[in-house]
Amino acid sequence: MTDLLSIGASGINVYKRALSTVSNNIANMGTEGYSRQVTDIKQTDPTESGGSFIGNGAYFDRVSRQYDAFLESSLQQATADLESQGASVEYTNRLLDVIGDEKIGATSALTQFFAAAKALSTDPASTALRGAMLRDAEQLVSRFNGLSAEFDSLNDQAFSAMEADVKSLNGLAEQIASVNRNLLKKKLEKDQSPQVLDQRDQLLRDISQYAGITTNVDSQGLVTVSLGQSTKKGLLVKGVDAFQLSVSQPNPQSSA
């Protein structure tokens, strides 16, 4: 009777924890970065009796995450590709808008200039046609100067956006290094808190919105992050150390 009661009690305690895990999953359905959790239940070592073994129930082992490293890596790569293409499209469209604008673009001014040149070629001695071509040439030069100013402004905007992205990237790298420090408390990744591992993976997704990354996770769950094709070069985070990035404007080449 005692064995029956203790086995029954172990089963109740185990599935009480399992129900708590299910409730936690439901409560965090809308939580960003949350991975569904499962309760790992194992059999209690049986007791040998009369040449056979009698079961002693079950026990709660741990709460683990439903996690796929391959899918996570694919998601990070897809996010990086999408974000990089989005930035390229945005600034390309803005550049095209400037070039093709009727008021500040060069298309209409070039058309008018060549039309004036063609008209002058039919009567080179005409003072009126010479004056018209000169005015159109001055207008074309003015348009080019205006475009140059617009390009400089667009370049400054792009550089400011890059500075903001690099600042955000450095902040995320510091956060991952901090998470790695927390992960040092346990010897194996399977013993780490699911919440901390979710935080680590969400930060990696956030970083992939700014740059393509290569990652490597060790047995403790500590992640090494690189901006290169391998974790040998271009390190952003290694262990508890975060390496700061910077961006600078290239110096204009002096003309020969």
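This text goes with the structure placed above it.
Residues numbered from 1 in each chain as written. Predicted model: local features only at pLDDT ≥ 70, side-chain atom pairs only at ≥ 80, totals over all residues. Heavy atoms only, no water.

**Describing the environment of T44**
As for its position among the elements, T44 is in the loop between strand 1 (37-43) and strand 2 (47-49). Look at T44 and you get partly exposed, because its relative accessible area is 23%. In the structure, T44 is positioned 80 residues away from P124 in sequence and 105 Å away in space, judged by C-alpha atoms. When residues no more than four places from it in sequence are discounted, the contact partners of T44 are N56, G57, A58 and Y59. (Helix = DSSP H or I, 4+ residues; strand = E, 2+ residues; numbered from the N terminus. Buried < 20%, exposed > 50% of the residue type's maximum accessible area, 1.4 Å probe, protein only. Contact = heavy atoms within 4.5 Å.)

**Description of the layout of surface pockets**
As a volume, the largest pocket reaches approximately 440 Å³. Lining the largest pocket are 21 residues, with A87, A161, M162, D165 and Y210 sitting closest to its centre. Listing elements by their share of the lining of the largest pocket, those giving two or more residues are helix 2 (69-100) and helix 4 (127-183). Element by element, the count of residues in the lining of the largest pocket is highest for helix 2, at eight residues. The space that makes up the second largest pocket amounts to roughly 160 Å³. As for the second largest pocket, its lining consists of T31, E32, G33, Y34, Q37, Q195, D198, Q199 and Q202. Looking at the lining of the second largest pocket, the element that brings in the most residues is helix 5 (residues 194-208), giving four residues. Among the residues making up the lining of the second largest pocket, the classes are represented as one nonpolar, six polar and two charged. (1 Å grid on protein atoms, 1.4 Å probe; cavity = no way out; pocket = protein on both sides within 12 Å on 5 of 7 lines; lining within 4 Å. Points joined across faces, edges and corners; volume = space filled by probe spheres on them. Nonpolar A, V, L, I, M, F, W, Y, C, P; charged D, E, K, R; others polar.)

**A short note on the packing of helix 3 (residues 107-122) against helix 4**
Between helix 3 and helix 4, the least distance of the axes is 9 Å, while the angle of their chain directions is 160 degrees. By the angle between their axes, helix 3 is roughly antiparallel relative to helix 4. As helix 3 runs across helix 4, the sense of the crossing is left-handed. In this structure, helix 3 contributes S108, A109, L110, Q112, F113, A116, A117, A119 and L120 to the contact, and helix 4 contributes L129, R130, A132, M133, D136, A137, Q139, L140, R143 and F144. Along the lines of polarity and charge, the residues of the contact of helix 3 with helix 4 split into 13 nonpolar, three polar and three charged. (Axes fitted to C-alpha atoms, helices over the stretch in contact; angles between N-to-C directions. Parallel < 35°, antiparallel > 145°, perpendicular 65-115°, else oblique. Left-handed = near helix turned anticlockwise from the far one by under 90°.)

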